[in-house]
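# Structure at a glance
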Amino acid sequence: MAKLDTHLVSLTSPASFAAEQYQGLRLTVERLGRARDLKVLAVTSPAAGDGKTVTAINLAGALARGGDERVLLIDADLRRPTVARQLGLTDARIGLADALAGPELPLTDVVQPFGNYNLDIIPAGTVRSGISQILRSPRLDAFLQQARQRYGYIVLDTPPLLPVFDSALLSRLVDGLLIVVAANQTPRKLLGEALNLVDPAKVMGIVFNRDDRPMFGYYDEYYREYFPETSGAASQA
């Protein structure tokens, strides 16, 4: 397995302060899950470049470390898939698109176990037909139902909500949505337009990425006793 990007802190540096932020996100997901059926989660953003894929991978990693059940991470961004590349997967030719658009494949044929983690990956695969047609296929619902039977949580890295409508289509089949925004960068108007495209009842919350405020502030020395290895890279969480 190739060396992982340092921003994937849930996998590369689980004891770091940045990874602890994703553990906090995991606890939020688990708390909401106790209040309602919450197993299939989509991670999206208003526009490209907000950090949704890094957030999806880190959340999946945190969930996998936090329990006994296996976690499934699906690259559902069929237009610009990056999960396989970021995780250093060498064979990502078969994946979600193949299972939905080609000859029917069982879930087990497109799943790749990831290292020694309690985590499985489904790459985007090879798109051979229209993406909207793939995402509207009833096979997608059946595919996710298979996954629900096998996994504690399923995390989908989905496309940005604008300018294409892939995530709006996917949102019909998930239990909850996390919206990732780049702190001090994503325009509020753009966020509002994105939120108008999805069912507000499914929005679990907004994740602020790349917050450039001081990480510890007044409590700097207190927190550094717990996370002495922390560096500015953690502000990417």
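Note: the structure precedes this text.
From a predicted model like this one, the values you see are computed outputs, not experimental measurements.

All told, the structure shown has one aromatic pair when counted by the stated rule. A ring pair is formed by phenylalanine 114 and tyrosine 117, whose centres lie 5.5 Å apart and whose planes are at 15°; its orientation type is stacked. With relative accessibility at 21%, the residue tyrosine 117 sits in the partly exposed group.

Before going further, it helps to spend a moment on the sheet that holds strand E5 (residues 153–157). The seven strands are arranged E3-E4-E2-E5-E1-E6-E7 in an open sheet whose pairing can be described as mixed. What marks the edges here is a single partner per strand, and that holds for strand E3 (112–113) and strand E7 (203–209). Pairing analysis gives two bridges linking E3 to strand E4 (residues 119–122), with the strands arranged antiparallel. Following the sheet pairing, glutamine 112 is matched in E4 by isoleucine 121.

The subject of this paragraph is helix H2 (residues 17–35). End to end, H2 covers 28 Å across 19 residues, agreeing with the expected 27 Å (1.5 Å per residue, within 8%). For H2, every residue scored as buried is listed here: Phe17, Ala18, Ala19, Tyr22, Gln23, Leu25, Arg26, Val29 and Glu30. Next to the buried residues of H2 lie helix H1 (9–12), strand E1 (40–44), helix H3 (52–65), E5, strand E6 (176–182) and E7.

When you tally the buried positions in E6, you get seven out of seven residues, the bulk of the element. What you see with E6 is no split at all: Gly176, Leu178, Val180 and Ala182 on one side and Leu177, Ile179 and Val181 on the other are buried throughout. As paired strands, E1 and E6 are joined by four bridges and run parallel to one another. Directly across from valine 43, in E6, lies its bridge partner leucine 178. As judged from the six bridges shared by E6 and E7, these two strands associate in the parallel manner.

Cut-offs used in this document
Residues numbered from 1 in each chain as written. Predicted model: local features only at pLDDT ≥ 70, side-chain atom pairs only at ≥ 80, totals over all residues. Heavy atoms only, no water. Phe/Tyr/Trp six-rings, centres within 6.5 Å; stacked < 30°, edge-to-face > 60°. Buried < 20%, exposed > 50% of the residue type's maximum accessible area, 1.4 Å probe, protein only. Pairing = 2+ DSSP bridges. Helix = DSSP H or I, 4+ residues; strand = E, 2+ residues; numbered from the N terminus. Expected span 1.5 Å × (residues − 1). Contact = heavy atoms within 4.5 Å.

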